[in-house]
Amino acid sequence: MKRSEQTAIVVGSGISGLYTALRLSKNNKFKNILLITKTNILECNSRYAQGGIVGVMKENEADSVTLHIKDTLKAGAGLSDKEAVKIISENSEKVINNLLEYGVEFDRDEENKFKFTMEGAHSVRRILHSGGDATGLCIEKVLSEKVLTEPNIQVKEETTIVEILTDSKETCRGVIVYNNITKEYEAIYSNVVILATGGIGQLYKYTTNPSVTTGDGIAAAYRAGAVVQDMEFVQFHPTAYNAKTEKNMFLISEAVRGEGAKLVDENGNTFMEKYDERLELASRDIVTRAIYNEMRIRGTKNVYLNAAVIQKDTFLNRFPTINEMCKKNGMDPLKENIPVSPAAHYMMGGVKTTEAGVTSITNLYAVGETACTGLHGANRLASNSLLECVVTAYEITEFLKEKQIERTEFLKEEKDSKIKAVLMKYNEDCKKNSVNLVTLKQKLQNLMWEKAGIIRNEKDLKTGLKELEEIQEAFGYTDKCPSKEAYELRNLIICGKLIIEFALNRKESRGGHYREDYTGKIEPARHYATTINKGKYEEIYVK
Ligand code: SIN
């Protein structure tokens, strides 16, 4: 196995990873920063973010940090970490300004003032957007171009993280990576490892997330003994384009409802008035369950979004990507209702971190959807995720300024018995198994959608867990796997199991976690798990 040493390793090339790497180079003056990414630098979940990024800006007189905190806490359904919410909200203007300095642009009006849009459960217009409805892609392009020309940052594409190396003192010393093309392994040592690998959307039959979202960072951190939390809280976006043929569903941004679009049934009748007085702009969990319920009652595969009520020029200016995608699917969103249904969209839980990305393992950091700072609680407020990505990334780099970063030496690290043992597993030949990975992955996605999806109950969750364990047994690989696809499935199985176990453990309905057998709420508690205390679940009551 090849070996190398770096000052810092960033895993993932979404907005979190790119922004962290750039700041480490520009502000922390780190040399030898390695950024690894599973396919190419632009392929990540962030690039599909349409709606935007929360900007609590002074120029927006209607808004304030206090109001944003209030909205975030309300959406979080009693489980948000108040300190995380405060820090992330207070730092919004600072990080937006920093993004502007890096060359990111947000849409502005004729007077050069930001155009703020509206999304569900926000009490004012406060969401900044770029390219109309291509916010993630616009930010991603600017940051990736900067990263690629930064002399201190080396980018390795087609590289999959397969293990986090921790020593006998449970301190992170680096990672083992797998080259998808050459199939070679490399142990890369560093005293700063930052996970920014995104979420777990591919666990579900229907998702708005791209195929790279296989929970790689969460699974690697959990395998290494890091504490994970809130894994039962999966956010299902209410309105994904239901093309019936595509598995990864195209998002119809909540901002379309923010601009006035109405949810309707097949006869063109609205139905949100039955569910919440905020109608189409109720929080996401409520709108998702309302749509799901309407689909169940009517036995239909989707409901519709009437966007033709939006003024034509406004729609075309604000939603060029959505317009184009609808047209590609043979329909005109200004003349016909758009077929929409819910799809897995965002993992609110993940690796437990502070607002500065600090995990329970020394030298290991996590940021973005991989991490769980507690900001989102049981239900994420729209467009808070990109904000969290940049604030946490910013705070990681500030935290690292205070620390003495020592360079590692692989010869020294490899004397450690725990590291030696892990390296041995990846130096051995991989046992062969004739299992069909595609079929197994589909089985997993179906079971997660049906048994651990939008509406849950104990019977389904228990059956789901049993079926998942059968899939795990048929899969057969625990450590070294024969391909990138097998590593992805290994990671999805780990994350799926965590979601089901956490969901079984939470005997109440709260935010994105809805139990039809426990529809009420009990005292708000946060759930944790780690392999270090033998996978035992803990509950900590949230004040
Ligand atoms: C959307 O545009 O509806 C998605 C934004 C988000 O997930 O925060």
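Whatever comes next refers back to the structure up there.
A quick note: this is a predicted structure, and the numbers were derived from the prediction, not measured.

## Notes on the sheet that holds strand S9 (residues 185–189)
The mixed open sheet is built from four strands, whose spatial order is S1-S9-S8-S7. Both outer strands of the open sheet, strand S1 (2–5) and strand S7 (159–166), are each paired with one neighbouring strand and no more. When the angles between neighbouring strand axes are averaged without regard to direction, this sheet yields 25°. One ladder, built from five bridges, connects strand S8 (residues 172–179) with S9; its direction is antiparallel. Within S9, the position partnered with Val-175 by the bridge is Ile-188.

## Comments concerning the pairing of S9
The two faces of a sheet get side chains in turn, since along a regular strand they alternate between them. Most of S9 is tucked away: five of the five residues are buried. Bridge count between S1 and S9: four bridges; the pairing is parallel. Residue pairing for S9: Arg-3 is matched across the bridge by Ala-187.

## Focus: the nonpolar core
In terms of nonpolar packing, the biggest core is built from 76 residues, with Ile-164, Tyr-204, Leu-444 and Met-448 touching the most fellow members. It is helix H16 (residues 484–505) that provides the largest number of residues to this core, a total of 13 residues.

## Observations regarding the packing of helix H6 (residues 216–223) against H16
How two helices sit against one another is set out by the angle between their axes and by the gap between those axes. Where H6 contacts H16, the two axes come as close as 9 Å, and the packing angle between them is 75°. With respect to each other, H6 and H16 are oriented roughly perpendicular. Between H6 and H16, the contacting residues are Asp-216, Ile-218, Ala-219, Tyr-222 and Arg-223 on the first element and Glu-488, Arg-490, Asn-491, Ile-494, Cys-495 and Leu-498 on the second. The residue inventory of the contact of H6 with H16, partitioned by class, reads six nonpolar, one polar and four charged.

## Some words on the sheet that holds strand S12 (residues 234–241)
Pairing is antiparallel across the open sheet formed by four strands, whose spatial order is S12-S15-S14-S13. Unpaired on one side and paired on the other, S12 and strand S13 (262–264) mark the two borders of the sheet. Going across the sheet, the axis of each strand differs from the next one's by a mean of 45°, ignoring polarity. Relative to strand S15 (residues 338–347), S12 runs antiparallel, the two sharing six bridges. Across the sheet, residue Val-234 finds its bridge partner in S15, namely Met-347.

## Overview of the packing of aromatic side chains
By the definition in use, this model includes 15 aromatic pairs. For the ring pair Phe-114 and Phe-116, a centre distance of 6.1 Å and an interplane angle of 70° mean the geometry is edge-to-face. Under the relative-accessibility criterion, Phe-116 is labelled buried at 12%. Ring plane angle 55° and centroid distance 5.4 Å describe the contact between Phe-315 and Phe-319, whose orientation is recorded as tilted. Taken together, the ring pairs connect Tyr-178, Tyr-185, Tyr-426 and Tyr-487 into an aromatic cluster.

## Overview of the site of the ligand
Taken together, Gln-50, Gly-51, Glu-119, His-237, Leu-251, Ser-253, Glu-254, Arg-284, His-345, Arg-380, Ala-382 and Ser-383 make up the full set of residues near the ligand. Here an oxygen atom of the ligand sits 3.4 Å away from a polar atom, N or O, in the side chain of Glu-119. Here Glu-254 contributes a backbone N or O atom positioned 2.7 Å from an oxygen atom of the ligand. Starting from 260 Å² of accessible surface for the ligand in isolation, the protein chains cover 95%. Among the residues making up the shell around the ligand, the classes are represented as two nonpolar, six polar and four charged.

What counts, and where the lines are drawn
- Residues numbered from 1 in each chain as written.
- Predicted model: local features only at pLDDT ≥ 70, side-chain atom pairs only at ≥ 80, totals over all residues.
- Heavy atoms only, no water.
- Pairing = 2+ DSSP bridges.
- Helix = DSSP H or I, 4+ residues; strand = E, 2+ residues; numbered from the N terminus.
- Axes fitted to C-alpha atoms, helices over the stretch in contact; angles between N-to-C directions.
- Buried < 20%, exposed > 50% of the residue type's maximum accessible area, 1.4 Å probe, protein only.
- Core = buried A, V, L, I, M, F, W, Y, C linked by side-chain atoms within 4.5 Å.
- Parallel < 35°, antiparallel > 145°, perpendicular 65-115°, else oblique.
- Contact = heavy atoms within 4.5 Å.
- Nonpolar A, V, L, I, M, F, W, Y, C, P; charged D, E, K, R; others polar.
- Phe/Tyr/Trp six-rings, centres within 6.5 Å; stacked < 30°, edge-to-face > 60°.
- Near = heavy atom within 4 Å.
- Polar contact = N/O pair within 3.5 Å; in protein donor to acceptor, adjacent residues only side chain to side chain.
- Areas by Shrake-Rupley, 256 points an atom, 1.4 Å probe, with all protein chains shown as cover.

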